[in-house]
Structure formats: C-alpha cells, structure tokens
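Chain by chain, the residues run as shown.
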Amino acid sequence: MKDHTGKELTRFSVSMETDLLAWLDGYAAKRGSGGNRSEAIRDLVRDARVDEAMESDDTEMVGTITMVFDHHANDLSDRLDAIQHDHFDEIVSATHVHLDAHNCLEVIIVRGRSADVRSIADRLLGTKGVQHGRLVTTTVHAH
Ligand code: NI
C-alpha cells in the first residue's frame, strides 16, 4: 500500500481509550480528512516530529514571527528594525500592516538553525512594548 506521494505505508493496530478515540474522530472530522483516522494520526505524528526536531539546536527550520505593537511606544519600530538588521541572514522578509491609528502588525519570515530562529524570536517578542506575538515553526523535513 502506498500514499499519494508514493511512499510505502505500513498497517498496524492501535489500542486506545474510548474517550481518546472519540476525540480523535472529532479531530479527524474537523481536519477535513474525511474523518479518516489514519490521516489524522499521521498529521499528529508529523506535528510531534517537527516539535522534537525544534528541540534540537541544529535543525534547519523555517518559521513566522507574528507580533502586534504600538508604534508610538518610544522608538519601538526603530528598535525592532535594528534587531532585524542584526539578523539579515536569517530574515527572509517582513510584512508590516498598519492596523489602526496606533497598532501595527508585523509578520516576519525566518529561516535558519532552530537555535538561531528561536533566539531571534525571543529578542523581537521580548522587546518592551511588543503587546503580543508568537513564533510558528515548521521544517521541510516533516514528511
Ligand atoms: Ni504601522
């Protein structure tokens, strides 16, 4: 048996608590995988594998840093720009949206060693005045 990319599939049986299985079925239905349990489990395992890879400092990662801040806060825009210039090798692009008269949304695409990506995100999101932010990472080696 093969998947849509031609990779060999192995069938195995899983024992699971009934309530956990009910949750899995709900998850599979929501994921738009047609309620397919196998596909839902594969997605969850891939997520766990990406998380594990992120814990290693040398994994090549790509990610987005999303942050919201008030550009009136003392030279915050300049400070965030300076941090990005320090890491021009890892920062692929940045999109800035003026949300309203005060607030800005910035989405930054980063690529590099997981340790570097994490440290850039920590610096940006830890800058005083950044109201909310999140780093989302993935890898091209998940499949
Ligand atoms: Ni703005």
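All of the points below concern the structure found in this document.

Moving on, we get to the side chain of Glu90. Within the secondary structure layout, Glu90 lies in the loop between α3 (76–86) and β2 (91–98). For the buried Glu90, no salt bridge exists, and the shortest N-O distance to an oppositely charged side chain is 7.6 Å, to Arg113.

Sheet strands associate in pairs through backbone hydrogen bonding, adopting either a parallel or an antiparallel arrangement. Ordered in space as β2-β3-β1-β4, the four strands form an open sheet in which the pairing is antiparallel. Sheet topology places β2 and β4 (130–138) at the edges, where each strand pairs with a single neighbour. For this sheet, the mean angle separating the axes of adjacent strands, direction not counted, is 15°. Where strand β1 (residues 60–70) lies against strand β3 (residues 103–113), eleven bridges are found, and the strand directions are antiparallel. From the neighbouring strand, Val62 faces β3, where its bridge partner is Arg111. Against the sheet, α3 engages β1, β2, β3 and β4, with an angle of about 170° to β1.

Rules used throughout
- Residues numbered from 1 in each chain as written.
- Predicted model: local features only at pLDDT ≥ 70, side-chain atom pairs only at ≥ 80, totals over all residues.
- Heavy atoms only, no water.
- Helix = DSSP H or I, 4+ residues; strand = E, 2+ residues; numbered from the N terminus.
- Buried < 20%, exposed > 50% of the residue type's maximum accessible area, 1.4 Å probe, protein only.
- Lys, Arg positive; Asp, Glu negative; His and termini not counted.
- Salt bridge = Lys/Arg side-chain N within 4 Å of Asp/Glu carboxyl O.
- Pairing = 2+ DSSP bridges.
- Axes fitted to C-alpha atoms, helices over the stretch in contact; angles between N-to-C directions.
- Contact = heavy atoms within 4.5 Å.

So far we have only geometry, and geometry alone does not tell us how the molecule works.
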